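Notes for the structure review
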Amino acid sequence: LGLAQLDQKRAAEAVESFNRSLRLDPTPTEVRAARATALIRLKRTDEAREDLKVLEADPRWQSLSAYLRGQLLFTEGDLEGASKAFAEARALGGEEAAPAAFYEGLTYLRMKDLVRARKAFRQAAGGPDTDPTLGDASRQLDAVLAAQQRRAKRWEIQITTAIEYD
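We now turn to the structure provided with this report. (Residues numbered from 1 in each chain as written. Predicted model: local features only at pLDDT ≥ 70, side-chain atom pairs only at ≥ 80, totals over all residues. Heavy atoms only, no water.)

Digging into the nonpolar core
What counts is decided by this rule: In these notes, a set of buried Ala, Val, Leu, Ile, Met, Phe, Trp, Tyr and Cys residues joined through side-chain atoms within 4.5 Å is what counts as a nonpolar core. The buried label goes to any residue with under 20% of its type's maximum accessible area, the exposed label to any with over 50%, and the partly exposed label to all in between, with areas taken from a 1.4 Å probe on protein chains only. Whether two residues are in contact is decided by their heavy atoms: any pair within 4.5 Å suffices.
If you look at the biggest cluster of nonpolar residues, it comprises 29 residues, and the most contacted ones within it are Ala38, Tyr67 and Leu68. Apart from residues lying up to four places away in sequence, Tyr67 is in contact with Phe86, Ala89, Glu96, Pro99, Ala100 and Tyr103. With 12 residues, the next largest nonpolar core counts Tyr108, Ala124, Val144 and Leu145 among its residues.

Overview of the packing of helix H5 (residues 62–76) against helix H6 (residues 79–92)
Under the convention used in this document: Between N-to-C directions, angles span 0 to 180 degrees; the directions come from axes that are lines fitted to C-alpha atoms, helices contributing only their stretch in contact. By definition, any uninterrupted DSSP run of H or I lasting at least four residues is a helix, any uninterrupted run of E lasting at least two residues is a strand, and each is numbered from the N terminus. Any angle from 65 to 115 degrees is called roughly perpendicular, while one under 35 is roughly parallel, one over 145 is roughly antiparallel, and all others are oblique. Throughout, a crossing is termed right-handed when the near helix is turned clockwise from the far one, and left-handed when it is turned anticlockwise from it by less than a right angle. Residue type decides the class: Asp, Glu, Lys and Arg count as charged, Ala, Val, Leu, Ile, Met, Phe, Trp, Tyr, Cys and Pro as nonpolar, and the leftover types, Gly among them, as polar.
Where H5 contacts H6, the axes come no closer than 8 Å and their chain directions differ by 160 degrees. Considering their axes alone, H5 and H6 lie roughly antiparallel with respect to each other. As for how H5 packs across H6, the hand of that crossing is left-handed. Residue-level contacts link Gln62, Ser63, Ala66, Tyr67, Arg69, Gly70, Gln71, Leu73 and Phe74 of H5 to Leu79, Gly81, Ala82, Ala85, Phe86, Glu88, Ala89 and Leu92 of H6. Residue composition of the contact of H5 with H6, grouped by class: 10 nonpolar, 5 polar and 2 charged.

Details of the pattern of salt bridges
This is how the line gets drawn: For this document, the term salt bridge refers to a Lys or Arg side-chain nitrogen within 4 Å of an Asp or Glu carboxyl oxygen.
Applying the stated criterion across every chain, the model contains 11 salt bridges. One salt bridge connects Arg60 with Asp58, and the closest N-O pair in it is separated by 2.6 Å. Arg90 is paired through a salt bridge with Glu104; the nearest N and O atoms lie 2.7 Å apart. Here Arg90 is found in helix H6, whereas its partner Glu104 is found in helix H7 (residues 97–110), with 14 residues between them in sequence. Ionic contacts of the salt-bridge type, sharing partners, join the residues Arg32, Arg35 and Asp51 into one network.

Describing the packing of aromatic side chains
Cut-off, in case you're wondering: Stacked, tilted and edge-to-face pairs are distinguished by plane angle, under 30 degrees for stacked and over 60 for edge-to-face with tilted covering the rest, among Phe, Tyr and Trp rings (Trp via its six-membered ring) whose centres lie within 6.5 Å.
The tally for this structure, following the rule as stated, stands at 5 aromatic pairs. With centroids separated by 6.2 Å and ring planes inclined at 65 degrees, the aromatic side chains of Tyr67 and Tyr103 adopt a geometry described as edge-to-face. Pair noted here: Tyr67 is in helix H5 and Tyr103 is in helix H7, with a separation of 36 residues, a long-range link. Residue Tyr67 is classed as buried on the basis of its relative accessible area, which comes to 14%. With a centroid separation of 5.2 Å and an interplanar angle of 80 degrees, the aromatic rings of Phe102 and Tyr103 are classed as edge-to-face. Taken together, the ring pairs in this structure connect Tyr67, Phe86, Phe102, Tyr103 and Phe121 into an aromatic cluster.

A look at the side chain of Thr45
One can find Thr45 in helix H4 (residues 45–56). Residue classification places Thr45 among the buried positions, given a relative accessible area of 11%. The residues contacting Thr45, other than those within four sequence positions of it, are Leu72, Thr75 and Glu76.

Rendered as structure tokens:
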């Protein structure tokens, strides 16, 4: 039930469902992982950190715990820490590698580091079942960086990006 609520963007209800489940049996790490995801969405990072400690203690959850740590740090505004956590999750592989690369790129964009953002988006776009917009984002950043190298004016960069996007 909690996973369905989480998928339906009902994070608060999902947390309550996960709490009920953990009261019955406190050992399932996958329930803690799902609850941490919901808590991060609710910006209840102190509580999410407790679940992350459990995940980080189990080597089977290394990649997911790094990814969730990145989400948590991003939510808290620690962009440098978030980018490192996303890079770690990407390097560890697994299901989280492509989303981690995407969020790594997003974090670099927020940091205004376009070169590293482009690199992360390219890495995210290289995987199977990848959203084609990641390649588009990488190409847009190519255009912006090329315009910056030419010392183009701000309005020229915006026009170049708009043309690349179309």
